[in-house]
Amino acid sequence: MEDGKPVWAPHPADGFQLGTIVDIGANSLTIEPLKQGQKSFTAQINQVFPAEDDVNKHVEDNCSLMYLNEATLLNNVRVRYSKDKIYTFVANILIAVNPYVDLPKLYAPETIKQYHGRSLGTLPPHVYAIADKAFRDMRVLKMSQSIIVSGESGAGKTENTKFVLRYLTTSYGTGQDIDERIVEANPLLEAFGNAKTVRNNNSSRFGKFVEIHFNGKNTVVGGFVSHYLLEKSRICQQSQEERNYHIFYRLCAGASEDIRTKFHLESPDAFRYLNRGCTRFFANKDTDKQILQNRKSPEHLKAGPLKDPLLDDQGDFNRMCGAMKKIGLDDTEKLDLFRVVAGVLHLGNIDFEEAGSTSGGCTIKNQSSQTVEYCAELLGLEESDLRVSLTSRVMLTTAGGAKGTVIKVPLKVEQANNARDALAKAVYSRLFDHVVTRVNQCFPFDSSANFIGVLDIAGFEYFEHNSFEQFCINYCNEKLQQFFNERILKEEQELYQKEGLGVNEVHYVDNQDCIDLVEAKLVGILDILDEENRLPQPSDQHFAETVHNKHKNHFRLTVPRKSKLQVHRNVRDDEGFIVRHFAGAVCYETTKFVEKNNDALHMSLECLVSESKDRFIRDLFENSNNAKDSKQKAGKLSFISVGNKFKTQLNILLEKLRSTGSSFIRCIKPNLKMVSHQFEGAQILSQLQCSEIGTQLQLTSYCIASTFLLVHHKFLPVT
Ligand SMILES: Nc1ncnc2c1ncn2[C@@H]1O[C@H](COP(=O)(O)OP(=O)(O)OP(=O)(O)O)[C@@H](O)[C@H]1O
C-alpha cells in the first residue's frame, strides 16, 4: 500500500470505506476518509486493503481484479448489484445476490438458450452457466455432479435451485411430461415445507438434495428428492410475526365450500396452532377481494393482507392443486392430504383441565367435545381411544409380583398438552415424509447413468438464542466446509504444484476436531445427548453438564460465561455450551435438546395412530418402530434419535457428494428488510467471510500473490 493511494478501511455499516493513509503506527494505520467532512480514525493494519484505481469499475470474475481482497470483492459485488448484475464469479464459485425484484430478462427462455453448451467465462456469470458446466462435466467425464447452494435464510437458495432445475430440464429434458413434473414438484413441497419467518416470507424449513437423473444419452429420465430435518416446533407454535406451514393458510383461504364444510375449516384465528402467530393471508389488492370475508381473521381484516410478489395464498392453493394433478395425484389422494392437515389443526384445539380426582390426572374440557369428535373423524380414530390416549399413557410395571402388567398412568394437564402437541407434530411430519415419497414416485426411473444433484440447505446460523435446530444446521455446515476444503483447496494446491507455479503449501484450518466433537462415537455431543435420552429421567441440565465434563479442555468447546456477548454470559454452565465453529463461536442453549432429539411418540399414541381405522393414517405410521406387541414394549421408554438420524443422512449425503464432481453457488442476502436495491455492506461482508468465499478468496489471493509477487496482505487461516 502506498502513501496517498486510496485504501479500503473498515466501516461499521458499509463494511468498508475509502480513505487514504495519513500515519503509520506499529500495528495500526491512521486513515482519512475520502468522504468530505468525516474525521480521521485508526484501523488495524490487517483490516486495511488497497483499493483499485477505479472503484466504479466492475469485473465478472473477481479474480481478474488487480487487488484481490475482501474489500475489493465487496466493492465489486456492490457495483455490479447496483446495475442489477446479481451474479459474480470468484474463480469457479458463483456469488448470487438476492435482487428481491423480478428480473424477467435474466431468466427468460432466450437466456436459457444462450447458455446452452457454452464454457464458463464466455458469457456473463449466471446460475445457468453453473448448471451448464455441471451438465458438460457430467457428459465429458461420465461422472455425476453436484451443485451446492448455500447462504443464510432469505439469500435465494431455493430460487436459484429452481432456476438450475428449470434450466436442466428445459435444455436437456425429453420435452415430455417428466420435465414438467420435476419442476411442478416444487409448489407441493413448498406448500407443506415452507413458512413465513421474520427473515423470509417463503422460508424452506427443511433441507433438500434434488437429483436429476440422466440416461446414457444424457437425457433426463427422472428425479429424486431427499429431505432433511423438517422444523417440527413450528407445527404447534410460531412467534408473533411468523406463520405455520403455508398449507394451513392456503387451505383456509382457497378450499372450496364443500371441503371447508367437510373438514370443519374456519378462519386461521380459530385454531390454536395458527392464532399465536400471524393469521393474515398473503394476497394482493385484487386477490384479497376474492377471499370471502368469513375466511379472514380479525387481524387480516384490520391490517390487510401480507404482501409478497411471489406469494398469494388463495392463488397458490389453486396452483398447488394444479401441480398435484400434473404430477399424478388424484382427487382421493388430494383430499387425504387436506383431511390430515385439517385433523392436525383441530388437534391443537383440544383443551384439558384437572380431573379433580385423587389421581392427579386430567380430562378433556367439555368445550372441546366437538373438536375431539372432528379429530377422531378426520384421523380415523375411535373418539374414546383418542380421549384415553391423550390423557393417560400405558406403562409396563416392573415392580414386585405384578411384573409385566400393563397399567394406565393418568397425565397431568401439562403432560396432556405435550402429548397432544407430540401427536400433531408426528402426524404432520409423517405427512411431509409422505408428500416427498409421493413426489418421488411421480418421476420414477428404472436406471440412470448419472445424475446432477442440487443441495439446498440452510447455511451457518447464529442468533441471540440458538437451539438444537441451529446445532444440527451448523454441524451440517462444518461437514460441508470440510468437503469444500477437501475439494477446492486440496485440489487447487495440487494443481498449482503440478503446474510448477511455486506456490507454497497453504495452511487452512482443518475442522475435523469440531466435527468429531459433534459426531464421535460415545463422546461426541450427539451420542452424549442420545445417552441422556435413554436415561429414566433425562434432563437438559444433566446433558449440558456431561458435555462440559467430557470435553473440559477441548479447544472447540467452552462454557457460555466465557462468551464475548453479555446475553450469553448470563447462561449457566448447565444451560448451554459454546462451540467454536469455522465461521465463528456459537452459544447453544440446551433447553429442550432432550425433547427435540426424540422422534418417538409415547406408546399409547403410537398404538392409537398405527391402529387407525383410516388406511391413509395407518400407512403414514407403518414404518415406525411401532410396537406390534404393545404389552412387550409399553413399559420401555421408546426413543428414536433425531440427531443420529441426521448424522446418518448427512454422512450418506457427504459420501454421495464425494463421489461426484462439484460446483458451488453462494447466495447473499443484501439487506434485512427484504427490499430491492439496498446493499447493506457490513452484513454482506460477514456473509462472505463466514462462507466458502472467504476461504476461496484467501487461497486465490495467496496463490496469485505468491505467483505474481503482488503480496498485499497476509494470508490468514480460516478461523
Ligand atoms: N433471483 C431472484 N430473483 C428475484 N427474487 C428472488 C431471487 N432470489 C430470491 N428472491 C426473493 O427472495 C425470497 C427468498 O429467497 P429464497 O426462498 O430462495 O431464500 P432461501 O435462501 O432459500 O431461504 P430459506 O433458507 O429461508 O429457505 C424469494 O421468495 C424471492 O422473493
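Quick caveat: nothing in here was measured; it's all calculated off a predicted structure.

**Observations concerning the UniProt feature "binding site: ATP" (unreviewed entry) in the protein**
According to UniProt, the positions carrying the feature "binding site: ATP" (unreviewed entry) are Gly 151, Glu 152, Ser 153, Gly 154, Ala 155, Gly 156, Lys 157 and Thr 158. Within the element layout of this structure, Ser 153 appears in the loop between β8 (145-150) and α4 (157-172). Since its relative accessible area comes to 10%, Ser 153 is described here as buried. Apart from residues no more than four positions distant in its own chain, Ser 153 is found in contact with Arg 199, Asn 200, Ser 203, Arg 205 and Lys 669. Along the chain, the position of Lys 157 falls in helix α4. Excluding residues within four positions of it along the chain, Lys 157 makes contact with Val 149, Ser 150, Gly 151, Glu 152, Asp 456, Ile 457, Ala 458 and Cys 667. A distance of 3.0 Å separates a polar side-chain atom of Lys 157 from the backbone oxygen of Glu 152.

**Quick word on the pairing of strand β19 (residues 576-581)**
For β19, a buried count of five out of six residues is recorded, marking the element as mostly surrounded by other parts of the structure. Across two bridges, strand β18 (residues 557-558) lies against β19 in antiparallel orientation. Residue pairing for β19: Thr 558 is matched across the bridge by Ile 578. Bridge analysis of β19 against strand β20 (residues 584-589) gives six bridges, and the strand direction is antiparallel. From the neighbouring strand, Phe 577 faces β20, where its bridge partner is Tyr 588. Between β19 and β20, which pair antiparallel and follow one another directly, the connecting turn spans two residues.

**Concerning the environment of Pro 50**
By secondary structure assignment, the location of Pro 50 is in strand β5 (residues 49-50). Residue classification places Pro 50 among the buried positions, given a relative accessible area of 5%. Sequence-wise, Pro 50 and Thr 72 are 22 residues apart; in three dimensions their C-alpha atoms are separated by 8.1 Å.

**Brief notes about the nonpolar core**
One finds Phe 192, Phe 248, Phe 338, Leu 423 and Ile 665 to be the most contacted residues of the largest nonpolar core, which totals 133 residues. Tallying contributions element by element places helix α16 (residues 413-442) first for this core, with 13 residues. For Phe 248, the residues in contact, after removing those within four places along its chain, are Leu 274, Val 341, Val 344, Leu 345 and Tyr 428. With 44 residues, the next largest nonpolar core counts Phe 582, Val 586, Leu 650 and Leu 654 among its residues.

**A look at the site of the ligand**
As a matter of local geometry, the ligand sits amid 19 residues, with Ser 153, Lys 157, Thr 158, Ser 203 and Ser 204 nearest to it. Within the backbone of Asn 202, a nitrogen or oxygen atom sits 3.5 Å from an oxygen atom of the ligand. Surface burial for the ligand is 94%, taken as the share of its 630 Å² of free accessible area covered by protein chains. Counting only elements with at least two residues in the shell around the ligand, the list comes to α4 and β10 (203-204). Looking at side-chain class alone, the shell around the ligand contains seven nonpolar, nine polar and three charged residues.

**Considerations on the confidence of the model for the protein**
Scored by pLDDT, the protein comes out at a mean of 90, with 91% of its residues at no less than 70. For the stretch residues 625-632, pLDDT sits under 50, and the model shows 11 contacts to residues farther than four places along the chain or on other chains. Between residues 702-719, whose pLDDT stays under 50, and residues either more than four places distant or in other chains, the model counts 40 contacts. Among the prediction metrics, the complex's ipTM stands at 1.00, with pTM recorded as 0.92.

**Points about the packing of helix α17 (residues 468-498) against helix α26 (residues 642-658)**
Relative orientation and spacing of two packed helices are given, respectively, by the angle between their axes and the distance between those axes. At their nearest, the axes of α17 and α26 sit 11 Å apart, and the two run at 20° to each other. What the angle tells us is that α17 and α26 run roughly parallel. Crossing handedness for the pair α17 and α26: right-handed. Residues Phe 468, Cys 472, Tyr 475, Cys 476, Lys 479, Leu 480, Gln 482, Phe 483, Glu 486 and Arg 487 of α17 form the contact with α26, whose own contacting residues are Val 642, Gly 643, Phe 646, Lys 647, Leu 650, Asn 651, Leu 654, Leu 657 and Arg 658. When its residues are assigned to classes, the contact of α17 with α26 shows 11 nonpolar, three polar and five charged.

**Focus: the pattern of salt bridges**
Under the criterion given, the structure shown has 39 salt bridges. Ionic pairing is found between Lys 162 and Glu 159, a salt bridge with its closest N-O pair at 3.2 Å. In this pair, Lys 162 and Glu 159 are both assigned in helix α4, three residues apart and thus about one turn of the helix distant. For Lys 162, a relative accessible area of 22% translates into the label partly exposed. Residue class for Glu 159 comes out partly exposed when judged on its relative accessible area of 28%. Measuring nitrogen to oxygen at the nearest pair gives 3.6 Å for the salt bridge that ties Glu 184 to Lys 326. One end of the pair, Glu 184, is in helix α5 (residues 177-193); the other, Lys 326, is in helix α12 (residues 313-326), with 142 residues separating them in the sequence. The exposure class assigned to Glu 184 is buried, which follows from its relative accessible area of 14%. One continuous salt-bridge network, built from bridges that share partners, spans Arg 243, Arg 250, Asp 313, Asp 316 and Arg 319.

**What to know about helix α23 (residues 603-610)**
Within α23, eight of the eight residues are buried, which leaves the element mostly enclosed by the surrounding structure. For α23, every residue scored as buried is listed here: Met 603, Ser 604, Leu 605, Glu 606, Cys 607, Leu 608, Val 609 and Ser 610.

**Structural notes on the pairing of strand β7 (residues 93-97)**
By the criterion of burial, β7 is predominantly enclosed, with five of the five residues buried. Where burial is concerned, the two faces of β7 agree: the one with Ile 93, Ile 95 and Val 97 and the one with Leu 94 and Ala 96 are both buried. With four bridges joining them, strand β6 (residues 87-90) and β7 adopt antiparallel strand pairing. The partner of Tyr 87 across the bridge, within β7, is Ala 96. Counted between consecutive antiparallel strands, the loop separating β6 from β7 contains two residues, among which Ala 91 sits at a positive phi close to 55°. Summarising the sheet, β7 and strand β21 (residues 661-668) pair through four bridges and their orientation is parallel. Among the inter-strand pairings, Ala 96 is bridged to a residue of β21, identified as Cys 667.

**A few points about the packing of aromatic side chains**
For any two aromatic rings, the description comes down to two numbers: the centre-to-centre distance and the angle of the planes. Here the structure, examined in full by the defined rule, presents 28 aromatic pairs. For the pair Phe 192 and Tyr 428, a centre-to-centre distance of 6.5 Å together with 25° between the ring planes defines the contact as stacked. Highlighted residues: Phe 192 in helix α5 and Tyr 428 in helix α16, separated in sequence by 236 residues. The residues Phe 192 and Tyr 428 share a single accessibility class, namely buried. Sitting over the face of the ring of Phe 555, Arg 580 holds its NZ or CZ atom 5.4 Å from the ring centroid. Sitting above the plane of the Phe 451 ring, Lys 656 keeps its charged end 5.9 Å from the centroid.

Criteria and thresholds
- Along each chain, residues carry numbers from 1 onward, in the same order as the chain's sequence is written.
- Since the coordinates come from a predicted model, pLDDT governs what is reported: local features require at least 70, and pairs of side-chain atoms require 80 or more to be given and counted, while whole-chain, interface and lining totals use all residues.
- To get the side-chain values, all heavy atoms of the structure are used, and hydrogens and water are removed first.
- UniProt positions are given in the numbering used here, feature names are shortened, and annotations may be inferred rather than shown by experiment.
- The helix and strand labels rest on DSSP assignments: H or I over at least four residues marks a helix, E over at least two residues marks a strand, and numbering proceeds from the N terminus.
- Throughout this description, buried means an accessible area under 20% of the type-specific maximum (1.4 Å probe, protein chains only), exposed means over 50%, and partly exposed covers the range between.
- Contacts are assigned to residue pairs that have any heavy atoms within 4.5 Å of one another.
- N or O atoms within 3.5 Å of each other form a polar contact, as long as, within protein, one can give a hydrogen and the other can take it, and as long as residues adjacent in sequence are counted only when both atoms are side-chain atoms.
- In this description, strands pair whenever DSSP reports at least two bridges between them.
- Grouping buried Ala, Val, Leu, Ile, Met, Phe, Trp, Tyr and Cys residues that are joined through side-chain atoms within 4.5 Å yields what is termed a nonpolar core.
- Whether a residue is near a molecule or strand is decided by its heavy atoms; if any one of them lies within 4 Å of it, the residue is near.
- The protein chains shown are the only cover counted for residues, whose accessible areas, like all others here, come from Shrake-Rupley with a 1.4 Å probe.
- Gly is placed with the polar residues, together with every amino acid not listed as nonpolar (Ala, Val, Leu, Ile, Met, Phe, Trp, Tyr, Cys and Pro) or charged (Asp, Glu, Lys and Arg).
- For every residue, the predictor reports its confidence as pLDDT, a number between 0 and 100.
- A fitted line through C-alpha atoms serves as each axis, taken over the contacting stretch for helices, and the angle formed by two N-to-C directions is quoted from 0 to 180°.
- Oblique is the label for any angle not under 35 degrees, not over 145, and not in the 65 to 115 range, which are roughly parallel, roughly antiparallel and roughly perpendicular in turn.
- Handedness of each helix crossing follows the sense of rotation of the near helix against the far helix: counterclockwise by less than a right angle gives left-handed, clockwise gives right-handed.
- Note on definitions: salt bridges are taken to be side-chain nitrogens of Lys or Arg within 4 Å of carboxyl oxygens of Asp or Glu.
- Pairing of aromatic rings covers Phe, Tyr and Trp, the last counted by its six-membered ring, and requires centre-to-centre distances within 6.5 Å; plane angles under 30 degrees mean stacked, over 60 mean edge-to-face, and any other angle means tilted.
- Any Lys NZ or Arg CZ that is within 6 Å of a ring centre and within 35 degrees of that ring's normal is treated as a charge sitting over the ring.

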